[in-house]
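Residues per chain, in single letters:
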Amino acid sequence: MNLILLGPPGVGKGTQAKLLIDRFGIPQISTGDILRAAVKELTPMGAKAKGFMDSGALVPDEVVIGIVEERLAQADCQKGFILDGFPRTVPQADALGQVLSGMGKSIDHVVSLSVDKAELLKRLTGRRACANCGAGYHVDFAPSKVAGVCDACSGQLVQREDDKEETILNRLAVYEAQTAPLIAYYQAAGLLRSVDGLGTVEGVQADILAAVQA
Ligand code: AP5
Ligand code: ZN
């Protein structure tokens, strides 16, 4: 199954993608995770992306399109994939369509998740992650932890650079201006499956599975 998870920052794309990996045995392709790894490893691409990411702006289309094109060609993507955080602009969506058609493939479903802005802010300002293994935590939601160390590996819990409130507000504005138009884009293509992102993680997952009829 070839899936896109679409929705604003903090709606739960990454959380839901992790569960879909187990369910379908297909990889998650998170452009955000790939870019953050490049920043951490101080690669030339990371150096180019860092300023955009820290301010909550989008990294230029040609950079992320190149990342995804390369990733889709890898062996583990041949039986399907979950795109998380890509495409994020109409040019990215057009490029994805061209890349896939060149591979004789297409998107099966675009799952569009939504929750209100107050909930997005709460989810993002409270998000924490293990600096060592990447495990996710939240100050209010399960697994809940305000500070301290990771249960799995005792790594330090940190807040993402772009999860400061001012940057979050910019990311939400960028989403509305540049990414929200993809809802109509995929609706017109007959691929949009709208799912309410409010509720338990398990409840949202069940609604996603129903929407893709799995
Ligand atoms: P990216 O990493 O893609 O970030 P994002 O889209 O802003 O999404 P997030 O990871 O913040 O949120 P999410 O929807 O995955 O939510 P999560 O599951 O973590 O992008 C970061 C940056 O990279 C961009 O700003 C840009 O600069 C660059 N970039 C990336 N892709 C790009 C592209 N294609 N083009 C250009 N630039 C690009 O959940 C959030 C929190 O809520 C967690 O704490 C979680 O535990 C909690 N939570 C989840 N579900 C629930 C629930 N049901 N109930 C309660 N809490 C929940
Ligand atoms: Zn850890």
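Given the structure is predicted, the values throughout are model-derived calculations rather than measurements.

*Asks:* Is there a simple way to think about the overall build of the chain in this case?
*Replies:* Across its full length, the chain holds 9 helices and 8 strands. The C-alpha radius of gyration computed for the chain amounts to 17 Å, which stays within 12% of the reference 17 Å derived for 214 residues, consistent with globular compactness. Expressed as lengths along the three principal axes of its C-alpha atoms, the size of the chain is roughly 50 × 40 × 35 Å. Taking all 214 residues of the chain together, 45% fall into the buried category. Contacts spanning at least 24 positions in sequence make up 68% of the contacts within the chain whose residues lie at least 6 apart.

*Asks:* What exactly am I supposed to notice about the site of ligand 1 here?
*Replies:* In the region of ligand 1, 34 residues are neighbours, and T15, A57, R88, R127 and R171 sit closest. G85 is positioned such that a nitrogen or oxygen atom in its backbone is 2.9 Å from a nitrogen atom of ligand 1. Within the complex, 93% of the 1,100 Å² of free accessible area of ligand 1 lies under protein. Elements with a minimum of two residues in the shell around ligand 1: helix 1 (13-24), helix 2 (31-40), helix 6 (117-125) and strand 6 (136-138). Counting residues per element, the shell around ligand 1 draws most heavily on helix 2, which supplies 4 residues. For the shell around ligand 1, the per-class residue count stands at 14 nonpolar, 12 polar and 8 charged.

*Asks:* What's the story with the sheet that holds strand 6 in this structure? I'm lost.
*Replies:* The strands making up a sheet associate through hydrogen bonds between their backbones, and the pairing can be parallel or antiparallel. Read across the open sheet, the 3 strands follow the order 6-5-7; overall the sheet is antiparallel. Either end of the sheet is taken by a strand with one partner, and the two such strands are strand 6 and strand 7 (157-158). Lying over the sheet, helix 6 contacts strand 5 (127-130) and strand 6, oriented at roughly 30° with respect to strand 5.

*Asks:* Before we go on, may I ask you to explain the coordination of the zinc ion (ligand 2) in this structure?
*Replies:* When a metal holds four donors in a tetrahedron, each ideal angle between them is 109.5 degrees; when it holds six in an octahedron, the ideal angles are 90 or 180 degrees. Taken together, the protein ligands of the zinc ion (ligand 2) are C130 (SG), C133 (SG), C150 (SG) and C153 (SG), with distances of 2.3 to 2.4 Å. Every donor counted, the 4 donor atoms about the zinc ion (ligand 2) form angles of 95 to 117° at the centre, which fits tetrahedral coordination. Read N to C, the donor residues that coordinate the zinc ion (ligand 2) are spaced as C-x2-C-x16-C-x2-C. Given a relative accessible area of 43%, C133 falls into the partly exposed group.

*Asks:* Sorry if this is basic, but what is going on with the packing of aromatic side chains here?
*Replies:* For any pair of aromatic rings, geometry is given as the distance between the ring centres together with the angle between the planes. Under the criterion given, the structure shown has 1 aromatic pair. Measuring from ring centre to ring centre gives 4.9 Å for Y185 and Y186, while their planes differ by 75°; the resulting arrangement is edge-to-face.

*Asks:* Sorry if this is basic, but what is going on with the UniProt feature "domain: Adenylate kinase active site lid" (unreviewed entry) in the chain here?
*Replies:* Listed under "domain: Adenylate kinase active site lid" (unreviewed entry) in the UniProt record, and renumbered for this structure, are residues 127-162. Secondary structure within residues 127-162 divides into 0% helix and 25% strand; the distance between the first and last C-alpha atoms comes to 11 Å.

*Asks:* Any chance you could explain the pairing of strand 3 (residues 81-84) here in plain terms?
*Replies:* Along a regular strand, successive side chains alternate from one face of the sheet to the other. Across the two faces of strand 3 the burial is the same, with F81 and L83 and I82 and D84 all buried. Relative to strand 3, strand 1 (residues 2-6) runs parallel, the two being bridged by 4 bridges. The partner of I4 across the bridge, within strand 3, is L83. In this structure, strand 2 (residues 28-30) lies alongside strand 3, joined through 3 bridges in parallel fashion. Bridging across to strand 3, Q28 finds its partner in I82.

Thresholds applied
- Residues numbered from 1 in each chain as written.
- Chains lettered and ligands numbered in written order.
- Predicted model: local features only at pLDDT ≥ 70, side-chain atom pairs only at ≥ 80, totals over all residues.
- Heavy atoms only, no water.
- Helix = DSSP H or I, 4+ residues; strand = E, 2+ residues; numbered from the N terminus.
- Rg over C-alpha atoms; globule rule 2.2 N^0.38 Å.
- Buried < 20%, exposed > 50% of the residue type's maximum accessible area, 1.4 Å probe, protein only.
- Contact = heavy atoms within 4.5 Å.
- Near = heavy atom within 4 Å.
- Polar contact = N/O pair within 3.5 Å; in protein donor to acceptor, adjacent residues only side chain to side chain.
- Areas by Shrake-Rupley, 256 points an atom, 1.4 Å probe, with all protein chains shown as cover.
- Nonpolar A, V, L, I, M, F, W, Y, C, P; charged D, E, K, R; others polar.
- Pairing = 2+ DSSP bridges.
- Axes fitted to C-alpha atoms, helices over the stretch in contact; angles between N-to-C directions.
- Donors = N, O, S within 2.8 Å, 3.2 Å for Na, K, Ca; no water.
- Tetrahedral: all angles 85-135°; square planar, octahedral: opposite > 155°, others 65-115°.
- Phe/Tyr/Trp six-rings, centres within 6.5 Å; stacked < 30°, edge-to-face > 60°.
- UniProt positions renumbered as here; feature names shortened; annotations may be inferred.

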